[in-house]
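Chain and residue survey
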Amino acid sequence: MTYSVSPIGFVRSCFKEKFAIPRQPQLAPAARGVLELVAPFDQGDAVQGLEHVSHVWLLFVFHQALEDKPRLKVRPPRLGGNKSMGVFATRATHRPNGIGQSVVKLDMVEPNRLHISGIDLLDGTPILDIKPYVPYADMIHAASNSMASAAPVLIPVEWAETALHEAHGHALRLQEPLVALVEQCLAQDPRPAYQTPTPQREYGAQFWDLDVRWHYPEPGVIRVIEVVLAEH
Ligand code: SAM
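We now turn to the structure provided with this report. Owing to the predicted nature of the structure, the values given are computational and were not obtained by experimental measurement.

**A look at the pairing of strand S10 (residues 202-207)**
In terms of strand pairing, S10 meets strand S11 (residues 210-218) through six bridges, oriented antiparallel. Bridge pairing in S11 links Tyr203 to Trp214. Between S10 and the antiparallel strand that follows it, S11, lie two residues; Trp208 among them carries a positive phi value of about 50°.

**Digging into the sheet that holds S11**
A sheet is described by the order of its strands in space; here four strands give the open sequence S9-S12-S11-S10, paired in mixed fashion. Looking at which strands have only one partner, the edges of the open sheet turn out to be strand S9 (157-159) and S10. Taking the axes of each pair of neighbouring strands and ignoring which way they run, one obtains an average angle of 35° across the sheet. Looking at chain direction, S9 and strand S12 (residues 221-229) are connected through three bridges and run parallel. Paired with Val157 across the bridge in S12 is Ile222. Helix H2 (residues 161-174) contacts S9, S11 and S12 of the sheet and is inclined by roughly 50° relative to S12. Of the strands in this sheet, S9, S10, S11 and S12 touch helix H3 (residues 178-186), which is tilted by about 140° from S9.

**Remarks on the side chain of Gln188**
When you line up the elements, Gln188 lands in the loop between H3 and S10. Within polar-contact distance, the side chain of Gln188 engages the backbone oxygen of Leu27 at 3.4 Å. Within polar-contact distance, the side chain of Gln188 engages the backbone oxygen of Gln184 at 2.9 Å. Contact partners of Gln188, with chain neighbours within four places excluded, come to Pro22, Arg23, Leu27, Ala28, Pro152 and Leu154.

**Remarks on the sheet that holds strand S1 (residues 9-13)**
One closed barrel holds the six strands; their spatial order is S1-S2-S7-S6-S3-S8, and the pairing between them is antiparallel. Adjacent strand axes in the sheet meet at a mean angle of 45°, parallel and antiparallel pairs treated alike. The pairing of strand S2 (residues 32-37) with strand S7 (residues 113-117) spans five bridges and is classified as antiparallel. Bridging from a neighbouring strand, Val34 pairs with His115 of S7.

How each quantity is defined
- Residues numbered from 1 in each chain as written.
- Predicted model: local features only at pLDDT ≥ 70, side-chain atom pairs only at ≥ 80, totals over all residues.
- Heavy atoms only, no water.
- Pairing = 2+ DSSP bridges.
- Helix = DSSP H or I, 4+ residues; strand = E, 2+ residues; numbered from the N terminus.
- Axes fitted to C-alpha atoms, helices over the stretch in contact; angles between N-to-C directions.
- Contact = heavy atoms within 4.5 Å.
- Polar contact = N/O pair within 3.5 Å; in protein donor to acceptor, adjacent residues only side chain to side chain.

Interpretation in functional terms is not warranted from these geometric data alone.
The following block contains the structure:
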């Protein structure tokens, strides 16, 4: 039996590529975006009442990780990428039906769009449904998960003086908390666990319309070296 679903909207996100997106929502509060609703949900009626809600669940499609053949086992990056686990024991992007779910902060409601933050969603992510977070039911104090018992350990993020100056300039232009966004995302060390970077090796990712480049001057420390407009 098959069911068909269609998006009720699409996310315009600060994240333009998968690399350096936090692995779950709420890990980077400065990660902002706009959920643009499509017809017939862009009229205002569909979001009436959401102004009473601080957070929403988003159900979405991992549109850049869809695969024809379902995987039963995956290798979650959280476990170092070398240990396989049943797909249903993980929040991996490669999964049956390609459906993801994230709780995000609802900052502002407009008739045809929702301003959201704390997101872990790629730009263009198709949204299938929105549901209000219901604290008394969704917050489970006794819950446990011994594979993912705490948020990732953060590493220090330093700035080259010129990069910080560039970031402040672009933050003003974009009207976005860019310095916090870069610090919050990089502190989670997006590098694959199996790579041991030399100080010479540079990494980069696009946030908004900017290429952000960094390196590891010593193990466990990130230094941002450049924040420049991305080439289109
Ligand atoms: N919170 C969601 C969940 O549990 O279903 C997503 C968790 S998944 C581990 C988060 C990662 O998905 C991000 O770090 C990013 O690399 C990737 N991602 C986000 N949006 C995506 C999309 N539209 N298509 C493919 N991958 C995406």
